[in-house]
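Each chain, letter by letter, is given below.
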Amino acid sequence: MLLIGITLVAFVVTHLVPGDPVAANLGQAAVGDPAAVAAFRHQYGLDQPLPLQYLRYLGDLLQGNLGISEQSHRPVLADLEEYVPATVELALFAIVASLVVGVGLGIVAAAFRDRWPDHIIRVVSLGGVSMPVFWIALVAFYLLFFRLGWLPGGGRLDPAQVAPTHLTGLYTVDALVHGQWALLWSAVRHLVLPGLVLTIYTVGMLTRFTRASMLEIMGNDYVRAARLKGLPEHVVILRHVLRPALISVITVAGLAFANLLSGTVLVENIFAWPGVGQYAYHSAVNLDLPAIMGVSLFIALVYIVLNLVVDLLYGVIDPRIRLS
Amino acid sequence: MTESPLPPPVPALAAEPLRRRRWLRVPAPWRRPLAAVGVTVVAAWVVIAVFAPLIGPDNPLAQNYAILAAPSSAHWFGTDELGRDVLSRVLSGARVTLPLSVLLVILAMIIGAVIGAAAGFFGGWVDNVLMRVADLFFAFPGIILAMAVAAALGPQLRNAVIAVVVVSWPSYARLVRSLVLSARSAPYVIASRMLGASGWRVLLTDIRPNASGPVLVLAALDLGNAVLLLSGLSFLGLGAQPPTAEWGAMVAEGAQNFNDWWVGLFPGLAILTVVLAFNFIGDTLRDALDPRTARAVRLS
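Keep in mind that what you see is a predicted model, and the values were worked out from it rather than measured.

K.L.:
What is the right way to read the overall build of chain A from this model?
P.N.:
Counting its regular elements, chain A contains 15 helices and zero strands. Contacts in chain A between residues at least 24 apart in sequence constitute 70% of all its contacts with a sequence separation of at least 6. Summing over all exposed atoms, chain A offers an accessible surface of approximately 15300 Å²; the carbon and sulfur share of this is 69%.

Given below as C-alpha cells:
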C-alpha cells in the first residue's frame, strides 16, 4: 500500500508541475528541433496521457523494471544497485555511532537530572539539532582534511584503489570478508568523516529523546522500589530504567534513520560520496523522472524494512510483546 | 523609646519587592536562561534584518574589493570570490531568511490546521483520505521531497518556500486532528452544537482557541527546521539564486572556495545562531506546557 502510495505522490509531484524534462535533458540545439523533442517524448512515454503513463509505470514495476534514467541512459535499477550500498554503508555507520553516543549521553543526562552534566548535554544536543548539516560538513572537511590532513576528503576509496571483490557492495564488509586489509583501512578512513558529520546531525535528537523517556520512567513506583530495596544507582538506571526507555528510543531511532537519508543528500554532495543522496540530487535537478521515482521507491522500501526492524526489536527488548 | 533596633515593619519589606516585581513582570517561561538567550538572539537578528542597510558596512551586492581577502579590520568577515564584503552579506541575509521562514511556517500551519481540523471534525472517509495523504507526505524524508518539488517548479527562492511548505504541513495536520478529535466530545462543544452552531462555527469559535496553544508550540519548534530546510535547498542551488545574499547559498559558495574558510564559516554561524535561538524558545515553550501535551507535540 505504502509503496503504491509513494509512487503515486512522487508521480503526481513530478509530473503535474510545469518543469519540462525535455528542456532539462536535451541540449539547447536539440530543444529547437521538434523532431528530436518528439522522439525524446516518445522514447520515455511522455507523449501519453498521465494516468496511462502511471499505469504503464506500475505495470513495468511489477516486472522489476524501473524504467530508464533519462540522464545516465541506464536502467534505474542498475543505477540504484550501484548507489544504494554506498548510502547504506554511510547511514549504518552513522546510525550505530549516533545510537551509541546519543543513548549514552541521554543516560548520563537523565542520571544527573538538573545538575551540570545534564545542562551541558542538553545545550550541546540542542546545538547538534540546530546545526546546518551542510555547514558542519564543510567545517569538518576544512579542518580534518584540508588543514590537518588526518582523514581523506572525499570518495569511498583512494583514487588509485579498485573496489574490493563485490559481495554486498559495502566496501568495509567486502574488504573484511575477503581479507583485503589495505582496502579495508582505506574504506574505513573514507567513511569516518562523512559518517561523523551525519552522526552529529542525528545524535542530538537521540540524546534528547533518551533523556526524556528515561525521566518519564524514573517517575514509576517500581523504580522507587528498586532504589528502596538498596540496588546501586547504576543498576537501577541501566536495568530498571533504560530497558523500558529503549522501547520509545527505538521508535525514534527509526525516525532518525529516515532523517539520516535526508542528511545524506547534503553530506554526500560535499564529500563526493557516490550514493543515493547524490543520485537523488542530480535526478531532481535534471528532472530525471524515472530516477526520481526510483529513489522514492527505494525510500519507501527503507521505511517498510525499518518498521519491520523496529517491530522485531520491540520483541527483543520487551518479552511481553514477544509472547503475544 | 528611642530608636528601635528592630527592622522596619513587615508590610514595607514585602511591598517593595512586590512593586518591583510588577514592573519587571516577565511570564514564567521567559525567565528560564535558555529562553532568555533565545529571545535575545532572535531580537538581535530581527533588529539586524530591519536595519541591515544601515548597520552593514557596505552594499551586500557591490563587488568593490579584492577577491577572497582574509578577514581584516576593513572587512571583519573577509571578502568573497566576487570581492563582496561577507559581513554585509551575512547581515543582509537575515532579511531573506527570517521573514521567509516565519511566512512559510505560518502557511504550513494554516494549511495543516485546516486539513487536520476537517479530518478530525468530519471523520469518516474525509478523515481517511486526508490523513492517508498526510502520511504519504510524512513518509518522505523532508529534503528529498522538497528537492523534487523545488526542482520541478524551477530553482527560485519562492519555489523553495513552496517546497518547504509542502513538506511541513502534515505535522500540523496530525496535531490539529488529534486535538480536534479530543475536543469533539468535550461538553462545551456538545453544548455549542445543541445550541445550533454549525460545524465550522464550532471549529472556529469553540475548538480553535483551545487548540491553538500546542499548535503554536509546534510552530515555534518548527521555525528552526524551516530555516534549516530552506537554507539547505539554497545550498543545493534550488533556492535563492545569485547574487542574492542568502545564508545557505553563501555556504555553498564557501564550499567552492573551501580553502578560504571565512566565505562559508560566517553565514553558517548565522544559520546556527538563528536556529539555536528558535529551538531554545520552542523547547522552553514546550517544557512550560503540561508534560503530556509536550509529549504529544514531540511525537507528532
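K.L.:
Quick question: what am I supposed to make of the overall build of chain B here?
P.N.:
Helix and strand counts for chain B come out as eleven helices and zero strands. Each helix and strand of chain B, placed in order from N terminus to C terminus, yields the pattern α-α-α-α-α-α-α-α-α-α-α. When each of the 300 residues of chain B is scored for burial, the buried share is 50%. If you take every contact in chain B between residues at least 6 apart in sequence, the share linking residues at least 24 apart comes to 71%.

K.L.:
What am I meant to see in the side chain of Ser234 of chain B here?
P.N.:
Residues and elements named next belong to chain B. Relative to the helices and strands, Ser234 is located in helix α8 (residues 199-235). A relative accessible area of 2% means that Ser234 is categorised as buried. Of the polar contacts made by the side chain of Ser234, one reaches the side chain of Glu246; its length is 3.4 Å. With near-sequence residues (within four places) excluded, Ser234 lies in contact with Leu157, Gly239, Ala240, Glu246, Gly248 and Ala249.

K.L.:
Help me out: how do you make sense of the side chain of Thr207 of chain A in this one?
P.N.:
Mapped onto the elements, Thr207 of chain A comes out in helix α10 (residues 181-218). In this view, Thr207 of chain A contacts Gly102, Leu105, Gly106, Ile121 and Ser125 of chain A; residues no more than four positions away in its chain are not counted.

K.L.:
Explain the packing of helix α7 (residues 116-130) of chain A against α10 of chain A to me, please; I cannot follow it from the model alone.
P.N.:
Relative placement of two packed helices is described by the angle separating their axes and the distance separating the axes. Residues and elements named next belong to chain A. As a packed pair, α7 and α10 sit with axes 7 Å apart at the nearest point and diverge in direction by 140°. Here α10 runs oblique to α7, going by the angle between their axes. Regarding α7 and α10, the two cross each other, and that crossing is left-handed. Together, Asp118, Ile121, Arg122, Ser125, Leu126, Gly128 and Val129 of α7 and Ile200, Tyr201, Gly204, Met205, Thr207, Arg208 and Arg211 of α10 make up the contact between the two elements. By residue class, the composition of the contact of α7 with α10 is six nonpolar, four polar and four charged.

K.L.:
Help me understand the nonpolar core, please; the structure alone is not making it clear to me.
P.N.:
Generally speaking, soluble globular proteins have nonpolar side chains that are buried together. One finds Trp45, Leu233, Leu236 and Trp247 of chain B to be the most contacted residues of the largest nonpolar core, which totals 141 residues. Among the nonpolar cores identified, the runner-up in size contains 15 residues, and Ile107, Ile217, Met218 and Ala245 of chain A belong to it.

K.L.:
So what exactly am I meant to see when it comes to the interface of chain B and chain A here?
P.N.:
Quoted interface sizes are often the accessible area lost when the parts come together. Taken together, the 46 residues of chain B in the interface contact 44 residues of chain A. Contact between chain B and chain A buries roughly 3900 Å² in total, counting both sides, with carbon and sulfur atoms accounting for 79%. The three residues of chain B that bury the most area against chain A are Leu136, Phe140 and Phe258 of chain B, which together make up 15% of that side's buried surface. Inspection of the region where chain B meets chain A yields one salt bridge. Note that Arg208 of chain A is salt-bridged to Asp283 of chain B, the shortest N-O span being 2.9 Å.

K.L.:
Explain the environment of Asn259 of chain A to me, please; I cannot follow it from the model alone.
P.N.:
Along the chain, Asn259 of chain A falls in helix α12 (residues 233-271). Ignoring any residue separated from it by four or fewer positions in sequence, one finds Asn259 of chain A in contact with Tyr201 and Met205 of chain A.

K.L.:
Hey, could you run me through the packing of helix α6 (residues 157-184) of chain B against α8 of chain B in this one?
P.N.:
Residue and element names in this part refer to chain B. It is the contact of α6 with α8, at a shortest axis distance of 9 Å, that shows an interaxial angle of 150°. The angle between α6 and α8 falls in the class roughly antiparallel. Considering only the axes of α6 and α8, their crossing is right-handed. Taken together, the residues that form the contact of α6 with α8 break down as 23 nonpolar, three polar and one charged.

K.L.:
Looking at this model, I keep getting lost on unusual backbone geometry. Mind explaining?
P.N.:
Excluding glycine, residues mostly have negative phi values, and the peptide bonds linking residues are mostly trans. Cis peptide bonds are those with omega within 30 degrees of zero, and the linkage from Pro242 of chain B to Pro243 of chain B qualifies with 10°. For Pro243 of chain B, the position within the fold is in the loop between α8 and α9 (247-256). Residue Asp114 of chain A is not a glycine yet carries a positive backbone phi of 60°. The residue Asp114 of chain A is located in the loop between α6 (76-111) and α7 in this model. Its relative accessible area of 47% is what places Asp114 of chain A among the partly exposed residues. The residue Ala272 of chain A is not glycine, and still its phi comes out positive at about 50°. By the element assignment, Ala272 of chain A lies in the loop between α12 and α13 (276-285). With relative accessibility at 45%, the residue Ala272 of chain A sits in the partly exposed group.

K.L.:
Would you take a moment to explain the environment of Trp261 of chain B for this structure?
P.N.:
For Trp261 of chain B, the position within the fold is in the loop between α9 and α10 (262-288). Relative accessible area serves as the criterion here: at 34%, Trp261 of chain B is assigned to the partly exposed category. For the pair Trp261 of chain B and Phe278 of chain B, spaced 17 residues apart in sequence, the C-alpha separation works out to 26 Å. With residues up to four places along the chain from it excluded, the contact list for Trp261 of chain B reads Tyr142 of chain A together with Pro71 and Phe266 of chain B.

K.L.:
Hey, could you run me through the packing of aromatic side chains in this one?
P.N.:
By the definition in use, this model includes ten aromatic pairs over all chains. Ring plane angle 20° and centroid distance 4.6 Å describe the contact between Phe134 of chain A and Phe235 of chain B, whose orientation is recorded as stacked. Remark: Phe235 of chain B occurs in helix α8 and Phe134 of chain A occurs in helix α8 (residues 133-147); the pair is interchain, linking two chains. For the residue pair Phe134 of chain A and Phe235 of chain B, the accessibility class agrees, reading buried in each case. Ring geometry for Trp261 of chain B versus Trp262 of chain B: centroids 5.6 Å apart, planes at 85°, classification edge-to-face. Relative accessible area serves as the criterion here: at 6%, Trp262 of chain B is assigned to the buried category. Ring pairing ties together the aromatic residues Phe77, Trp261, Trp262 and Phe266 of chain B, which thus form one cluster.

Scoring rules and cut-offs
Residues numbered from 1 in each chain as written. Chains lettered and ligands numbered in written order. Predicted model: local features only at pLDDT ≥ 70, side-chain atom pairs only at ≥ 80, totals over all residues. Heavy atoms only, no water. Helix = DSSP H or I, 4+ residues; strand = E, 2+ residues; numbered from the N terminus. Contact = heavy atoms within 4.5 Å. Areas by Shrake-Rupley, 256 points an atom, 1.4 Å probe, with all protein chains shown as cover. Buried < 20%, exposed > 50% of the residue type's maximum accessible area, 1.4 Å probe, protein only. Polar contact = N/O pair within 3.5 Å; in protein donor to acceptor, adjacent residues only side chain to side chain. Axes fitted to C-alpha atoms, helices over the stretch in contact; angles between N-to-C directions. Parallel < 35°, antiparallel > 145°, perpendicular 65-115°, else oblique. Left-handed = near helix turned anticlockwise from the far one by under 90°. Nonpolar A, V, L, I, M, F, W, Y, C, P; charged D, E, K, R; others polar. Core = buried A, V, L, I, M, F, W, Y, C linked by side-chain atoms within 4.5 Å. Buried area = accessible area lost by both parts, 1.4 Å probe. Salt bridge = Lys/Arg side-chain N within 4 Å of Asp/Glu carboxyl O. Phe/Tyr/Trp six-rings, centres within 6.5 Å; stacked < 30°, edge-to-face > 60°.

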